[in-house]
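Observations on the three-dimensional arrangement
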Amino acid sequence: MTAAPVRNETAVLPRSWWWGFLPFAAASAVHIAARAVDATALAEPTKLTLMPLLAAAALWGMRGLPGGPAGRKRPAVLLLAALLFSWIGDGAGAFFPSVPELPVMLGFFGLAHVCYIWLLSRDAAAGRFPRWALVFPLWWVLMLVVLWPSLGGLAFAVAAYGIVLAGTAATAARCRPMVAAGGLLFLASDTILACRIFLPEHMPSWTSALVMLTYCAGQGLIVAGVLRTWRNAS
């Protein structure tokens, strides 16, 4: 089954449509630079600004759609919920200091991915799953083979999270190229992060900044791509 056809993605869009992403881009640049120079005092608070600023960009982009955000109520809620759960996952250590950070982070990012899968499959898909998307189940198997000896009690939680992470990337592959690229970058970010957490002896320090570079780019491209798809379909 294929989704309803979408207008050409190269359609001219109002320049002001992109302005809402500038604060998110600026905060991302500051945060990534702070990670690169190991400036934790700056990196930690700026991390908590990223998803709220991206949510503001999403709302800014939706205002020009017919009926505004209310005109696409369910998909708008799913998009904002994915960003909310991502934000809580980003700040798991700060928001829940009395519990282990990693399980909380996995739980909330897992919810974010469920929202993305629902959103992308119902409200942004542009075609069938491409054949190259078969790489995602292979990625899941390979990551478990590599990480399993180091996962300990988190083995099944990480395996379950890998399913929804790969699900987002695979579902994004059905969408326009901008969304598909965002899904791949999100997957790359969590892959690097998993190696940093469970195989730290093999990961150089500069990969900390790379995790956030791919994460910010991935989230930003998914949101921008979804909004652009909706605009071209309007």
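Please read these numbers as outputs of a predicted model, since none were measured by experiment.

This next bit is on the pattern of salt bridges. In this structure the tally under the stated criterion is 2 salt bridges. Here Glu 44 makes a salt bridge to Arg 35, at a shortest N to O gap of 3.1 Å. Among the residues examined, Arg 35 registers a relative accessible area of 19% and is labelled buried. For Arg 74, the salt bridge identified is with Asp 123, shortest N-O distance 3.1 Å. In this pair, Arg 74 sits in helix 3 (residues 73–90) while Asp 123 sits in helix 5 (residues 101–123), placing the two residues 49 residues apart along the sequence. Residue classification places Asp 123 among the buried positions, given a relative accessible area of 16%.

It is worth spelling out the packing of aromatic side chains at this point. Across all of its chains, the model carries 8 aromatic pairs by this definition. Note on Phe 109 and Tyr 215: the rings are 6.0 Å apart at their centroids and 85° apart in plane angle, and the pair reads as edge-to-face. Of this pair, Phe 109 sits in helix 5 while Tyr 215 sits in helix 9 (residues 207–233); the two residues are 106 residues apart in sequence, bridging distant segments of the chain. Residue Phe 109 shares its accessibility class with Tyr 215, and that shared class is buried. Following the ring pairs from residue to residue traces out a cluster consisting of Phe 85, Phe 96 and Phe 108. One Lys or Arg, Arg 174, reaches over the ring of Phe 129 and ends 5.3 Å from the middle of that ring.

Glancing now at the packing of helix 1 (residues 22–36) against helix 2 (residues 40–62). Running from N to C, helix 1 and helix 2 point in directions that differ by 155°, and their axes come no closer than 9 Å. Compared by their axis directions, helix 1 and helix 2 come out roughly antiparallel. For the element pair helix 1 and helix 2, the recorded crossing hand is left-handed. Note on element contacts: helix 2 touches helix 1 through Leu 42, Ala 43, Glu 44, Thr 46, Lys 47, Thr 49, Leu 50, Met 51, Leu 53 and Leu 54, opposite Pro 23, Phe 24, Ala 27, Ser 28, Val 30, His 31, Ala 34 and Arg 35. Residues that form the contact of helix 1 with helix 2 fall into these classes: 11 nonpolar, 4 polar and 3 charged.

What follows covers the confidence of the model for the protein chain. This prediction gives the protein chain a mean pLDDT of 91; 91% of its residues lie at or above 70. Here residues 1–13 is modelled with pLDDT under 50, and outside its nearest four sequence neighbours on either side it reaches 26 contacts, counting other chains as well.

As a further point, take a nonpolar patch on the surface. On the surface, Trp 18, Trp 19, Leu 22 and Trp 60 cluster together to form a nonpolar patch covering roughly 440 Å² of accessible area. Looking at the secondary structure, you find Leu 22 in helix 1.

Attention shifts here to helix 9. Between its first and last C-alpha, helix 9 extends 38 Å over 27 residues, near the 39 Å set by a 1.5 Å rise per residue. Taking burial as the measure, the 27 residues of helix 9 include 22 buried ones, the bulk of the element.

Glancing now at the nonpolar core. Among the nonpolar cores identified, the biggest contains 67 residues, and Leu 54, Tyr 116, Phe 136, Val 223, Val 226 and Leu 227 are the most heavily contacted of them. If near-sequence neighbours (up to four positions away) are discounted, Phe 136 is found in contact with Ala 166, Ala 169, Ala 170, Ala 173, Leu 184 and Leu 187.

The rules behind these values
- Sequence order as written defines the numbering, with residues in each chain counted from 1.
- Totals for whole chains, interfaces and linings use all residues, but because this is a predicted model, local features are given only for residues with pLDDT of at least 70 and pairs of side-chain atoms are given and counted only at 80 or more.
- Working from all heavy atoms in the structure, the side-chain values ignore hydrogens and water.
- Any Lys or Arg side-chain nitrogen found within 4 Å of a carboxyl oxygen on Asp or Glu counts as a salt bridge.
- Only protein chains enter the accessibility calculation, which uses a 1.4 Å probe; a residue is then buried when its area is under 20% of its type maximum, exposed when over 50%, and partly exposed in between.
- Secondary structure elements follow DSSP: runs of H or I no shorter than four residues count as helices, runs of E no shorter than two count as strands, and numbering proceeds from the N terminus.
- Only the six-membered ring of Trp is used, alongside the rings of Phe and Tyr, when aromatic pairs are assigned; centres must lie within 6.5 Å, and planes under 30 degrees apart are stacked while those over 60 apart are edge-to-face, with the rest tilted.
- We call a charge positioned over a ring when the NZ of a Lys or the CZ of an Arg lies within 6 Å of the ring centre and within 35 degrees of the ring normal.
- A fitted line through C-alpha atoms represents every axis, and for helices the fit uses only the stretch in contact; the resulting angles, taken between N-to-C directions, go from 0 to 180 degrees.
- Throughout this description, any angle smaller than 35 degrees is read as roughly parallel, any larger than 145 degrees as roughly antiparallel, any in the 65 to 115 degree range as roughly perpendicular, and the remainder as oblique.
- Two helices that cross are described as forming a left-handed crossing if the nearer one is turned anticlockwise from the farther one by less than a right angle, and a right-handed crossing if clockwise.
- We call two residues in contact whenever any of their non-hydrogen atoms come within 4.5 Å of each other.
- Just so you know the grouping, Ala, Val, Leu, Ile, Met, Phe, Trp, Tyr, Cys and Pro go in nonpolar, Asp, Glu, Lys and Arg go in charged, and all remaining residues, Gly too, go in polar.
- pLDDT expresses, on a scale from 0 to 100, how confident the predictor is about each individual residue.
- Each patch is built from salt-bridge-free residues with over 30% relative accessible area, joining like charges within 9 Å and nonpolar side chains (Val, Leu, Ile, Met, Phe, Trp, Tyr) within 5 Å.
- The Shrake-Rupley method, run with a 1.4 Å probe, gives the accessible areas here. Residue values count only the displayed protein chains as cover.
- Between the first and last residue of a helix there are one fewer steps than residues, each counted as 1.5 Å, and that sum is the expected span.
- Side-chain atoms within 4.5 Å are what join buried Ala, Val, Leu, Ile, Met, Phe, Trp, Tyr and Cys residues into a set we call a nonpolar core.

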